[in-house]
Structures are given as C-alpha cells and as structure tokens.
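Listed below, chain by chain, are the residues.
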Amino acid sequence: MADEQLTTIEPMSLADIAQEQSDKSFTNREAVFEVKDLAVDYSGAIAIREVSLDVYKNSVTAFIGPSGCGKSTFIRCFNRMNDLVPGAHIHGDVLYHGKDLYAADVDPVEVRRRIGMVFQKPNPFPKSIYDNVAFGPRVLRLRGSLDERVEKGLRQAALWDEVKNRLKESALGLSGGQQQRLCIARCLAVEPDVILMDEPASALDPISTTRIEDLMHDLKREYTIVIVTHNMQQAARVADMTAFFSVDVAPDGNKRTGILVEYDRTSKIFTTPADKRTEDYVTGRFG
Amino acid sequence: MARISFQEELDELELELRTEGELVLRSLRGAVEAVCSQDLELADEVIAFDDDVDAQYFEVEQGVELLLARQTPVASDLRLVLALLKDNLHLERMGDLCVTIAKLTKLTKGLPPDEVLLEGFKEMGERAEQMIRVALRSLQERDRVAAESLLELDELIDRANRRVVNRLLEIGHDLERREWGLRMILVSRCLERIGDHAVDVGEQTAYLVTGEFREFTDASR
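1. A short note on the overall build of chain A
Step number 1: In terms of regular secondary structure, chain A is built from 12 helices and 10 strands.
Step number 2: Taken over the C-alpha atoms alone, chain A extends approximately 60 × 50 × 35 Å along its principal axes.
Step number 3: In chain A, which comprises 287 residues, the share counted as buried stands at 39%.
Step number 4: Long-range pairs, those at least 24 residues apart, make up 71% of the contacts in chain A with a sequence separation of at least 6.

2. Comments concerning unusual backbone geometry
Step number 1: Positive phi, normally seen in glycine, also occurs at Glu199(A), with a value near 50°.
Step number 2: Among the secondary structure elements, Glu199(A) is positioned in the loop between strand E7 (194-198) and helix H9 (206-219).
Step number 3: The phi dihedral of Thr72(B) falls on the positive side, at around 45°, and the residue is not glycine.
Step number 4: Since 15 C-beta atoms lie within 10 Å of it, Thr72(B) is described here as partly exposed.

3. A look at the pairing of strand E8 (residues 224-228) of chain A
Residues and elements named next belong to chain A.
Step number 1: Most of E8 is tucked away, with 5 of its 5 residues classed as buried.
Step number 2: A two-sided burial pattern is seen for E8, the buried positions comprising Thr224, Val226 and Val228 on one face and Ile225 and Ile227 on the other.
Step number 3: Pairing between E7 and E8: 5 bridges, direction parallel. Bridge assignment links Leu196 to a residue of E8, and that residue is Val226.
Step number 4: A crossover links E7 with its parallel partner E8, the connecting element being H9, and its sense is right-handed.

4. Quick word on the interface of chain A and chain B
Step number 1: Counting residues at the interface gives 11 residues for chain A and 12 residues for chain B.
Step number 2: Counting only elements with at least two residues in the side of chain A that touches chain B, the list comes to helix H11 (266-271) and helix H12 (276-282) of chain A.

5. Observations regarding the nonpolar core
Step number 1: Counting 131 residues, the largest nonpolar core has Ala185(A), Ile195(A), Leu196(A), Ile225(A), Ala31(B), Ile101(B) and Ala135(B) as its most contacted members.
Step number 2: Element by element, the count of residues in this core is highest for helix H3 (residues 75-107) of chain B, at 13 residues.
Step number 3: Beyond its immediate chain neighbours, meaning those up to four positions away, Ile195(A) contacts Gly116(A), Val118(A), Cys187(A), Leu219(A), Tyr223(A) and Ile225(A).

6. What to know about the sheet that holds strand E1 (residues 31-42) of chain A
All names here are of chain A.
Step number 1: The sheet built from 10 strands is open, its strands ordered E5-E4-E1-E2-E10-E9-E3-E8-E7-E6 with mixed pairing. Whereas interior strands pair on both sides, the edge strands pair on one side only; in this sheet they are strand E5 (99-100) and strand E6 (115-118).
Step number 2: Running over the sheet, helix H8 (residues 176-188) touches E6 and E7 and is turned about 170° from E6.

7. Let's talk about the environment of Ser67(A)
Step number 1: Structurally, Ser67(A) can be placed in the loop between strand E3 (60-64) and helix H3 (71-76).
Step number 2: With 62 residues separating them in the primary sequence, Ser67(A) and Ile129(A) have C-alpha atoms 34 Å apart.

8. Concerning the packing of helix H1 (residues 4-37) of chain B against helix H4 (residues 115-140) of chain B
Residues and elements named next belong to chain B.
Step number 1: It is at 10 Å that the axes of H1 and H4 come closest, and there the two elements cross at 175°. Here H4 runs roughly antiparallel to H1, going by the angle between their axes. Every residue of H4 that contacts H1 at Arg18, Gly21, Val24, Leu25, Leu28, Arg29, Val32, Val35 and Cys36 is listed here: Leu118, Phe121, Lys122, Gly125, Ala128, Glu129, Ile132, Leu136 and Gln140.
Step number 2: When its residues are assigned to classes, the contact of H1 with H4 shows 11 nonpolar, 3 polar and 4 charged.

9. Some thoughts on H9(A)
For the α-helix, the turn length of 3.6 residues means that residues three or four positions removed from each other point alike.
Step number 1: If you check H9(A), its first and last C-alpha atoms are 20 Å apart, about what 14 residues at 1.5 Å a residue would give, namely 20 Å.
Step number 2: Looking at the packing, one finds that the buried side of H9(A) touches E3, helix H6 (146-156), H8, E7, E8 and helix H10 (232-238) of chain A.

10. Looking at the environment of Arg178(B)
Residues and elements named next belong to chain B.
Step number 1: If you trace the backbone, Arg178 turns up in helix H6 (residues 175-210).
Step number 2: Look at Arg178 and you get partly exposed, because 14 C-beta atoms sit within 10 Å.
Step number 3: Sequence spacing of Arg178 and Leu111 is 67 residues, and the spatial spacing of their C-alpha atoms is 9.5 Å.

11. Digging into H1(B)
Step number 1: Taking 1.5 Å per residue, 34 residues should reach 50 Å; H1(B) reaches 50 Å between its end C-alpha atoms and fits that length.
Step number 2: Remark: Gln38(B) follows H1(B) within two positions and exhibits a positive phi of approximately 50°.

12. Some remarks on the confidence of the model for chain B
Step number 1: Summarising the model, chain B shows a mean pLDDT of 93, and 98% of its residues fall at 70 or more.
Step number 2: Interface confidence for the predicted complex, given as ipTM, is 0.70, next to a pTM of 0.80.

13. A closer look at the pairing of strand E9 (residues 241-249) of chain A
Residue and element names in this part refer to chain A.
Step number 1: Here E3 runs beside E9; their pairing, made up of 4 bridges, is parallel. Across the sheet, the residue bridging to Ala62 is Thr242, located in E9.
Step number 2: Pairing of E9 with strand E10 (residues 256-265) involves 9 bridges; the strand directions are antiparallel. By the bridge assignment, Asp248 is partnered in E10 with Thr257.
Step number 3: The antiparallel hairpin formed by E9 and E10 contains 6 residues in its connecting segment, where Gly253 sits at a positive phi of about 80°.

14. Considering the confidence of the model for chain A
Step number 1: Looking at chain A as a whole, its pLDDT mean stands at 89, while 90% of the residues score no less than 70.
Step number 2: Here residues 1-12 of chain A scores under 50 on pLDDT; set against residues more than four positions off or in separate chains, the count is 8 contacts.

Procedures and definitions
Residues numbered from 1 in each chain as written. Chains lettered and ligands numbered in written order. Predicted model: local features only at pLDDT ≥ 70, side-chain atom pairs only at ≥ 80, totals over all residues. Helix = DSSP H or I, 4+ residues; strand = E, 2+ residues; numbered from the N terminus. Buried ≥ 20, exposed ≤ 12 C-beta atoms within 10 Å, placed from the backbone. Contact = placed C-beta atoms within 7 Å. Pairing = 2+ DSSP bridges. Right-handed = clockwise from strand over helix to strand, strands pointing away. Core = buried A, V, L, I, M, F, W, Y, C linked by C-beta atoms within 7 Å. Axes fitted to C-alpha atoms, helices over the stretch in contact; angles between N-to-C directions. Parallel < 35°, antiparallel > 145°, perpendicular 65-115°, else oblique. Nonpolar A, V, L, I, M, F, W, Y, C, P; charged D, E, K, R; others polar. Expected span 1.5 Å × (residues − 1). pLDDT = per-residue confidence, 0-100.

The following block contains the structure:
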C-alpha cells in the first residue's frame, strides 16, 4: 500500500531524501515481532484477518481504531493470551525474534514472562505493595535479592518515591494511577523484553495519564512497548509507529471483521496518512 | 462522532480568509487607481482602509489559535489550519504593500508623472489582482493546477516590473521626472511583491492538497 503511494509522488527534494533515509533507519531497526498474514477466529467467527506488520525494538507501537476492529484481539496474540479463550484459533505467523511464538515447543508461561501485559483496569492483587511486585519473581524463582527487584521495578515504574515508606500496606489503598503504575512495576519485576498495554490509561485521570505516557517514553529505552488506545492523541504523543485498524463489513451487513488499514510512522499517520479511511478516522470524521 | 461543529468552524475560518482576500483586492484597486490618477484623497482612504484588513487578519489569526487549542486538528485538517495561518499573513502583507503604494502616491504630490509608467502600473495592478483571485480560488477549490499556474502569472508581472525599470532609465535625464520615477520604482516593486505573496498562497494550496511542501521556484537560482 505504502509503495503504491510512493510511485505517484514527484521527484523528491534533498530534504525529502534525508527524511526518507532517517525513516528507513527507523524501520531498519531490529524487528521484535514479525506478524505475517495473521487471522483470529472465535469458534469460526473471524475477529481479525490478513494482518501483517513488524514491531520494532525499543519503540512504542500503537494500535488504534474503532470499537470492534480487533485491536485488542490482535495485541493478545503477542503473548498468547488468546490461548486462554475457548474456541479461539490463530492463523498465520507471529515470529518473536525470528522464532515462531506458537511453535509446539514454546512454553506459554515463559512467553508471558518475557512479554508482559498491562490491562485497562488496574488489577493489583489484594496483597501488599511489596508482595504485588515480588509475586512474579517468587513464582518464577528468579535469582538475586527480592528487595532489590522490588525496588528496581517500582523505581522504573516511577512509583518508588510515593510508596517506599509503606511497602507493606495494601496495594488496594493506592490511587487508580498508582495502582496502574504498580501493575507496570509488577510486569517489569520479571525482566520482560516487551510490554503490551491494552488501554493502560483510559481509566485514569489526565495527570495519571501523563505519568503513564512519560513512563512509556522512558521505558522504551530498555523495552519494546505495544499499546492499544482509544485515545488518538495519546497515540500521537507516545507512539513511534501507529497501526490503524478498521472494521470491514461484509456486503450482507452481517459479518464484521477487523482489518489492518495502514501502518506507518506516527508522524505520517497524523499528518499525511496514505489511506482515506485512516484520514477519516484520525480527523474524527468516522468511527 | 462526526465532528460537525469542528467542520463548521473550519469552514467559517476559511470564509473569514476569503473575506480578507476581498478586502485586499479593494485596497489594491484603490492603491493603483490613486497612483495612476494622482488622487491623494483616495490614497488617504486606502491608508485608512488598512485597519479593516488588519481587523480581518486578527479575526483569522484568533480563529486559528482557538481551533488549534480546542480541536487539535490532524492530517488534512491540520494542513488546512496551517495553510490558513500562513495565507493570512501573506494577505496582510499584501494589504501593507497597498498602503506603501498609497503613501508613495502622496509623496510624489505635484511631480509630473510619466504616462508610459502609469500604463505599466495599471497593467501590473491588473495582473496582481488576477493573481490574488487565482490564489484565493485555488485554495477554495483545492486546485493544485491552478495554484501552480500562479508561477506563470508571476513571470508576467516580473517582466512588467523590468519594463518599468527600463522606462525609468530612459526618462532619467529629466530631473523632475527622475524624482517621481525613483519613488515610482518602489510602487512597481510593491506590485511585484504582491504577486510573490500570491505565489506563496498557491504553494500553501499545493501543500494542503499533496501533503508535501515545496517551493514553486528556488529563490537561490
């Protein structure tokens, strides 16, 4: 799709060529995930189909689109969360560092350690702040000092200063924004490679949202982040790459399937999207 | 969630810019008429009328500021708002150039004019007017081809400007007409600059339509 667009553009200026090269250097980054012709169905009902894209290392990749476009279904393919859904079937390939994520010899538990997930609603365990962060390392019997792991996780999640004097208190006493950062700390404590975030800030107030967004910006230096968001401005603010998904309605009006419409640099998606459907969505004329 | 009010605000803003364009056209016609007929009263009117142009300029400027703050436009909406912001400035500059022409007219009070040069200004004024119209219409109709045609129109006004300079050299031996002519060379320059601003408006239209900004001509060549 992008290639077709390029051929219609007239000779490029030097500035364009420089820009093009810097773009290439971005997509020349190592791909953490390579998705090829992916489809997901729930007991035969196709939720999303024909999705191919790469997710790049040390970047934030955002999935945007209207309700029912399959973006949440799609993000769950990256850590095999759909395995837990009865009747869910995955077709096509999801390669993680070049290896088939769905190969028979891959342990889903190990997958979810390396590819952590943060959900829309903060979901701390009804335990102390400390025990929440220590939970993963304990279960996985990770070596090293537990205290150090907990502190590191909380520091990385920008929560340490707020909770260091009350680590033994219940996590449920924290504010919503703090709980969400605690969930991020819990995710970080098992030393993941990728963090998936499904609407991580949609239940939070604007200040907490800003903190989560700042956090994403800091964390991408060490981790690869994939985020689903309903908030387009959030995608515009935090993401390096943005994928726009839409709903394809069959002629009979019954079957509704999620499809990937356009995937490009965020700057491109929000200034000069190649596809009319993307334009209509980001400008608020559809969806 | 079709953003109806947002679209209305965008349309409104574009309309405000067109209104400003109409004001500039009036100012231009007045300025050229004043200089060609040595009408000092009209020159004063043109100078005073610039307040109207400025008021309209502020109207558009504030509209752009509000839209950016409240609606966070993206993609083609963002390009339109940015184009309006820049076109607004170009139109305001055209208005200022008309004022300069009017002031030069007053400065040459009592000096004998040269009919050939006055004919030249009339021609340049008409060309500048046509260029403003083409620039405004190309924006309104999102017509990139029309916008690019401004480059050819600009060449014509540039040539007229050169003819004015040549004529001035011819009449330079006449002391009285020389003083008048030296001031009038600035009038010619103002009209030529108005044409340049019209080309700039055209460039914004092309940017709006294609999503890529490029100058129609490279000034360094």
